[in-house]
Amino acid sequence: MIVGNGTEKLDLVALRRDFPALDQEVAGKPLVYLDNAATAQTPRQVIDAMERFYREDCANVHRGVHELSQRATEAYEAARCQVQEFIGASEVGEIIYTRGATDSLNLVAHSLGELKVDSGDEVVISAMEHHSNIVPWQLMCERRGAKLRVIPINDSGELLLDEFDRMLNDRTRIISVAHVSNALGTINPVREIIARAHELDIPVVLDGAQAIPHMHVNVQDLNCDFYVFSGHKMFGPTGIGILYGKRTFLEQMPPYQSGGDMIESVTFEKTTFNDLPYKFEAGTPNIAAAIGLGAAVEYLSKVGMDCIESYERELLDYATKAIGSIDDVKLIGVAREKAGVISFVIEGIHPHDIGTILDREGVAVRGGHHCAQPVMDYFKVSATTRASFAFYNTRQEVDELVFAIGKVKELFSD
Amino acid sequence: MDLRELYQELIVDHSKQPRNFGPMPESNYHADGFNPLCGDKIRLYLKIEDNVITETGFEGSGCAISTASASIMTEMLKGQTITQAEALFERFHSMVTGSMGPDGGVDDFGKLAVFSGIKEYPARVKCATLAWHTLRNALLERDETAKTE
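Residues numbered from 1 in each chain as written. Chains lettered and ligands numbered in written order. Predicted model: local features only at pLDDT ≥ 70, side-chain atom pairs only at ≥ 80, totals over all residues.

**A closer look at helix 3 (residues 67-87) of chain A**
All names here are of chain A.
Part 1: With 21 residues, helix 3 ought to run about 30 Å at 1.5 Å a step, and its terminal C-alpha atoms sit 31 Å apart, in line with that.
Part 2: Within the sequence span of helix 3, burial applies to Ala72, Ala75, Tyr76, Ala79, Arg80, Gln82, Val83, Gln84, Phe86 and Ile87.
Part 3: Within two residues after helix 3, Gly88 carries a phi angle of roughly 70 degrees, on the positive side. (Helix = DSSP H or I, 4+ residues; strand = E, 2+ residues; numbered from the N terminus. Expected span 1.5 Å × (residues − 1). Buried ≥ 20, exposed ≤ 12 C-beta atoms within 10 Å, placed from the backbone.)

**Digging into the sheet that holds strand 5 (residues 122-126) of chain A**
All names here are of chain A.
Part 1: Strand order across the open sheet formed by seven strands is 4-10-9-8-7-5-6, with mixed pairing between neighbours. Only two strands of the sheet have a single neighbouring strand rather than two, namely strand 4 (95-98) and strand 6 (147-151). Mean inter-strand twist for the sheet, computed between neighbouring axes without regard to direction, equals 20 degrees.
Part 2: With three bridges connecting them, strand 8 (residues 204-207) and strand 9 (residues 226-230) associate as parallel partners. The partner of Leu206 across the bridge, within strand 9, is Tyr227.
Part 3: Sitting on the sheet, helix 5 (residues 135-144) is in contact with strand 5, strand 6 and strand 7 (172-178), with an inclination near 145 degrees to strand 6. (Pairing = 2+ DSSP bridges. Axes fitted to C-alpha atoms, helices over the stretch in contact; angles between N-to-C directions. Contact = placed C-beta atoms within 7 Å.)

**Remarks on the pairing of strand 9 of chain A**
Part 1: Burial analysis of strand 9 of chain A places five of its five residues in the buried class, the great majority of the element.
Part 2: Of the two faces of strand 9 of chain A, the one lined by Phe226(A), Val228(A) and Ser230(A) and the one lined by Tyr227(A) and Phe229(A) are each fully buried.

**Comments concerning the domain arrangement of chain A**
Residue and element names in this part refer to chain A.
Part 1: Annotation of chain A at the domain level lists domain 1 (12-39 + 304-411) and domain 2 (47-302).
Part 2: Computed from C-alpha coordinates alone, the two centres of domain 1 and domain 2 are separated by 28 Å.
Part 3: Domain 1 puts 25 residues into the contact, and the matching count from domain 2 is 27 residues.
Part 4: Of all the secondary-structure elements, those providing two or more residues to the side of domain 1 that touches domain 2 are helix 11 (305-324), strand 14 (341-346) and helix 13 (373-378). (Domains from an automatic or database assignment.)

As C-alpha cells, this is what we get:
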C-alpha cells in the first residue's frame, strides 16, 4: 500500500495488489469491477484481520476473564475507536455497531420515532432515497399515525430545497436523507438541510452508505444528529454497519432490540439498561466483521480520504464524458455535485440485457431499480444500468466499459 | 458460451417487435406477472373457447429475454388445448432450468428451442419464465399476480 497525504497521486498498481479479488478473469477477460455501490472489494488487510480473529482470538466479547475473550474484546472495541476517529465523532459511546445501514435506519426509525413522533406529526425524506431509507419511516409513520413527506427532485437529480423549506413546519419531527444517492450519485446539500432543520430543532439522519467510501466525512463538522453506513460498501465485510448518533438523542431513545449485553441488571420485575453504546447492541455481535471494519477504516485512513476524493472526481469526470458521448446513451442523474455513480439507459435495450452482455466482457455492473423505485418512476424508466466506482478503478477500466457498451449495441443492431 | 447463443436473432427480433402485443378486450382470461427483482411486468390475455386457446395477447415491459419469451409464447399457444399448454409450460420450464431428462431434446420444440441457452445464465432464467408463470396462473384462473420468486 502507498500512503497518501492528500496531495499525492494514488499508486493504483500498488493499491490494486491489495485487493485479491480484482486480480482475476471473468469470461476469459480481466475483471473490470464497477459494482462498488452494491458491494466493494475487500483488501487483504481486512481479510487478514478477520482471519486472525478466527485463528487466534475467537471468543465472545465482554464476557470471559480468559485470555481469548479479552483479546477479542480488545480488538472489537479498538475497531469501534477507529471508526469514531474516522468519522470524527466526539466519543466512542456514540458509535453503535449494527448489521448494516439498513439495520441502523431501522433502529433510528423505530427508536427515535417512538421518542419523537406522535399522531399528526410529520417525517421528511427525499424522492431519491434507497428503499432502506423509505420503508422503515413509512412503517413507523403508519404505526404512529404520522405523515411521511417527500422532498421532490429535478430532472438533473437534485433536491428542490425551496420545496423542502416549504415542507418544514411545527409538526416536522425528523428529517432523513441520503448524503449521496445510490441510484443517481447526487451529493446532497446536507449542510444546508441540517442548518435549516436545526433552526426548528428538528434532528437530521443522514444515510451515508454511498458517501463514506468516496469522501472525508466528519459528523461533528456536518453537525448531523445521526449518520449511518455499511461496512461492505467501504471495503470492509458484510454484516456490519454503524449507527452514529449524538449522545443527547441516544440516551433518551428507548432500546430497539433487547437481550444480552444491552442490559445492566435483570430481574423478572424490572430491567435496567446498559450504557451507550451497549444499550443498542443486544446479543453476540458480528465480532469478526467489526474487527474487519476497523481494519477497513485504518486502510482508508492510510490511503487518505482526500486523495481518494480528488482521484475519484477526475475518474468520474472522465467516465461521464466517455459514457455520455456514446450515441443512444442517456445519463440518468447529472447533478452538479456527484460521487461514485453513473446511471444510464440505452434506447431500446433493457439494463438486464446490458448487464449480461457486459458480464461476458468481464465488466461487472448493476442493472435494475437499485432499490430506489421512486427514482425510476420519476425518470420514467423501469431500470437503469449503473457503473459505480471505487478508488481502485482506472481510466483504462472506463475504456473497457465503453468498449463493452459498443458490443451491446452491436448485438442489438438491426 | 458465445453471447449470440443467448441473444439469437429470433430473440432480438421478437424483443424489438413483439408479436400479439397490446391490450385485448375480447379476452376472457388474463393474469399479471411481476418480477420484483428487476421490475419486469407483464399482463397476459387469453381467449379460451371449449378448452382451446384461440387468441392471445400481452402487454408490459421487460428485457429482451422476457419480452421475446412472452412474444414467442403467445404465438405458440394459439390453437393449443389447456392440457397441451400446461405440458408446454412444464417442458419449457425444464429446458431453461436445465432439468430436462436425457430424452428431452429440443429438436421438435420449434421456436422455443432458442431459449435453450438460458440455462447457462442462471440469473436470467426468471426473465424467460415470467410469461410462462403468468400463463400458468391465467390457466389456474388464479386471481393473483404471478411471481417468479
